[in-house]
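Descriptive analysis of the structure
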Amino acid sequence: MDTNAISLALKHFGCGRERLLIGKCHEEIFCMAVLVKSGLMRWATFQPSQLPLGAFLLCPESSFEHVIASLMRYLSPGVITLSFTQIDPFFVARPPDRETVRVSDHVETGWIEIPDDFEDYWRSRSKNLKKSLRSQENKLAAANVVSRMCSVQAPEDMPSAVARFGDLESAGWKGKAGTAVHAGNAQGRFYTDLMVAEALNGNAVVHEYWFDDRLAASNICLVRDKSLVVLKTAYNESLDHFSPAFLLRRDQIRLACDSGEFNRIEFYGRKRDWHTRWTEKFRTLYHVTAYRNAALRRAAGLVRMLG
């Protein structure tokens, strides 16, 4: 949600018709949103898939309902619906449903609270997870493979780190589906620009896991207020039998515990079975859709019911 992330997302994925709206009270800014038309008389927060949250900020003491009413008046008469997508209740409290406001679940997302001691955390994990990773390490040792995690943080190293990540992702199922990051597409250019810009401020890291001189897994991460935010994860699918992504995650958590640099790791992805092996903490991101009047909301509800 900082300037680098939003401006670079606009550069690479925007249509050029987005608007930045700023809410002020007595010259104090309490709200900011990047909005774009999503259809005839419909507006929504700017939401490329590369941003885990919608482009919307609200001071904790401010009223979401007041913001909705103010924006509807400002955009009038050219708006019938106004949507705020993928909002994190950790930052913006979930408002109640109203006659003209619909609040809906998006996805459950997980996070890890980082303790002072890794062994305390590791003791809390399941026997199956610990046994599985010991087994993978034994198989690697039997094959005389040396495994290691490294952290890429220098701005000048970020383009090659993102390119290596793209090679991993392009070789897997995302490459076959045409959704993978690679150096020649908009996603690759966005992540390269973002990681370089953030690394200049010490707010970016790519954690890589290597088997000898072969890259096995990679995590692209941002640093936000003592939180490590995992934006993207990829692994070499031909090495899946060694669980490289799990080995990387364990060592990433160990590093966070040992360094004391972070107090949480954020996944910002839909809850999967593998998330539950690492944490019991989940919360639900949500959407808010405001309608011009109650009749429009009722009509929209009927449309959803009829499918």
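Let me begin by describing the structure that accompanies this report. (Residues numbered from 1 in each chain as written. Predicted model: local features only at pLDDT ≥ 70, side-chain atom pairs only at ≥ 80, totals over all residues. Heavy atoms only, no water.)

Within the protein, the secondary structure is distributed over nine helices and 12 strands. In summary, the protein has a C-alpha radius of gyration of 22 Å against a globular reference of 19 Å for 307 residues, a match within 12%. Dimensions of the protein, computed from C-alpha atoms along their principal axes, come out at roughly 70 × 45 × 40 Å. Sorting the 307 residues of the protein into buried and exposed places 47% on the buried side. Within the protein, counting contacts between residues at least 6 apart in sequence, those at least 24 apart form 70% of the total. If you average the places of the 40 positive and of the 35 negative side-chain charges in the protein, the two averages end up 8 Å apart. (Helix = DSSP H or I, 4+ residues; strand = E, 2+ residues; numbered from the N terminus. Rg over C-alpha atoms; globule rule 2.2 N^0.38 Å. Buried < 20%, exposed > 50% of the residue type's maximum accessible area, 1.4 Å probe, protein only. Contact = heavy atoms within 4.5 Å. Lys, Arg positive; Asp, Glu negative; His and termini not counted. Charge placed at Lys NZ, Arg CZ, Asp CG, Glu CD.)

So, on to the packing of helix 1 (residues 3-13) against helix 7 (residues 186-199). The N-to-C vectors of helix 1 and helix 7 enclose an angle of 155°; their axes lie 10 Å apart at closest approach. What the angle tells us is that helix 1 and helix 7 run roughly antiparallel. Classified by chirality, the crossing of helix 7 by helix 1 is right-handed. Counted together, Asn4, Ala5, Leu8, Ala9, Lys11, His12 and Phe13 of helix 1 and Ala186, Gln187, Arg189, Phe190, Asp193, Leu194, Ala197 and Glu198 of helix 7 form the full contact between these two elements. (Axes fitted to C-alpha atoms, helices over the stretch in contact; angles between N-to-C directions. Parallel < 35°, antiparallel > 145°, perpendicular 65-115°, else oblique. Left-handed = near helix turned anticlockwise from the far one by under 90°.)

We now examine the layout of surface pockets. Each pocket or cavity is described by its volume, and for the largest pocket that value is around 1,300 Å³. Forming the walls of the largest pocket are 39 residues, and the residues nearest its centre are Lys174, Leu231, Lys232, Thr233 and Gly269. Counting residues per element, the ones that place at least two in the lining of the largest pocket are strand 6 (101-113), helix 5 (158-170), helix 6 (173-177), helix 7, strand 10 (227-235) and helix 8 (244-259). In terms of residues, the lining of the largest pocket owes the most to one element, strand 10, which gives seven residues. A per-class count over the lining of the largest pocket returns 19 nonpolar, 12 polar and eight charged. Counted as a void, the second largest pocket has a volume near 760 Å³. Residue lining of the second largest pocket: 36 residues in total, with Met1, Leu53, Phe91, Arg224 and Tyr268 positioned closest to the centre. Breaking the lining of the second largest pocket down by element, the ones donating at least two residues are helix 1, strand 2 (28-39), strand 4 (56-58), strand 5 (81-87), helix 7, strand 9 (214-224), strand 10 and strand 11 (264-266). Per-element tally for the lining of the second largest pocket: the top contributor is strand 2, with four residues. Each residue belonging to the lining of the second largest pocket can be placed in one class, and the counts come to 25 nonpolar, five polar and six charged. (1 Å grid on protein atoms, 1.4 Å probe; cavity = no way out; pocket = protein on both sides within 12 Å on 5 of 7 lines; lining within 4 Å. Points joined across faces, edges and corners; volume = space filled by probe spheres on them. Nonpolar A, V, L, I, M, F, W, Y, C, P; charged D, E, K, R; others polar.)

What follows concerns the pairing of strand 8 (residues 204-211). Moving residue by residue along a regular strand, the side chains alternate between the two faces of the sheet. Most of strand 8 is tucked away, with eight of its eight residues classed as buried. Burial of the side chains of strand 8 extends over both faces: Ala204, Val206, Glu208 and Trp210 are buried on one face and Val205, His207, Tyr209 and Phe211 on the other. Here eight bridges tie strand 8 to strand 9, and the two strands are oriented antiparallel to one another. Residue pairing for strand 9: glutamate 208 is matched across the bridge by serine 218. Hairpin remark: strand 8 followed by strand 9, antiparallel, with two residues in the connecting loop; positive phi at aspartate 212, about 55°. (Pairing = 2+ DSSP bridges.)

Once that is clear, we can look at unusual backbone geometry. Omega for the peptide link from serine 76 to proline 77 comes to 5°, which places this bond in the cis form. With respect to the helices and strands, proline 77 occurs in the loop between helix 2 (64-75) and strand 5. In this model, glutamine 86 sits at a positive phi of 50°, which is unusual for a non-glycine residue. Its place among the elements puts glutamine 86 in strand 5.

Another point: helix 2. Taking 1.5 Å per residue as the helical rise, helix 2 with its 12 residues ought to reach 16 Å, and the 16 Å between its terminal C-alpha atoms agrees with that figure. Within the span of helix 2, buried status applies to Phe64, Val67, Ile68, Leu71, Met72 and Leu75. Down the axis of helix 2, the buried set is contained in an arc of 130°. They therefore lie on one face. Projecting away from the buried face of helix 2 at angles above 90 degrees are the exposed residues Arg73 and Tyr74. The N-cap residue of helix 2 is serine 63: its side-chain oxygen and the backbone nitrogen of glutamate 65 are 3.3 Å apart. (Expected span 1.5 Å × (residues − 1). Arc of directions from axis to C-beta. Polar contact = N/O pair within 3.5 Å; in protein donor to acceptor, adjacent residues only side chain to side chain.)

The subject of this paragraph is the packing of aromatic side chains. Within this structure, the stated rule accounts for 13 aromatic pairs. Note on phenylalanine 211 and phenylalanine 242: the rings are 5.8 Å apart at their centroids and 85° apart in plane angle, and the pair reads as edge-to-face. One end of the pair, phenylalanine 211, is in strand 8; the other, phenylalanine 242, is in the loop between strand 10 and helix 8, and 31 residues separate them in sequence. Judged by relative accessible area, which is 13%, phenylalanine 242 ranks as buried. Among the aromatic residues, ring-to-ring pairing joins Phe118, Tyr121, Trp122, Phe246 and Trp278 into one connected group. Arginine 264 extends its terminal NZ or CZ atom over the ring of phenylalanine 90, reaching a point 4.3 Å from the ring centre. (Phe/Tyr/Trp six-rings, centres within 6.5 Å; stacked < 30°, edge-to-face > 60°. Lys NZ or Arg CZ within 6 Å of the ring centre and 35° of its normal.)

Let's shift gears to the packing of helix 5 against helix 7. Running from N to C, helix 5 and helix 7 point in directions that differ by 145°, and their axes come no closer than 9 Å. The two elements helix 5 and helix 7 cross, and the hand of that crossing is right-handed. The residues of helix 7 that touch helix 5, namely those facing Met158, Pro159 and Val162, are Gly188, Tyr191, Thr192, Met195, Val196 and Ala199. Across the contact of helix 5 with helix 7, the residue classes break down as seven nonpolar, two polar and no charged.

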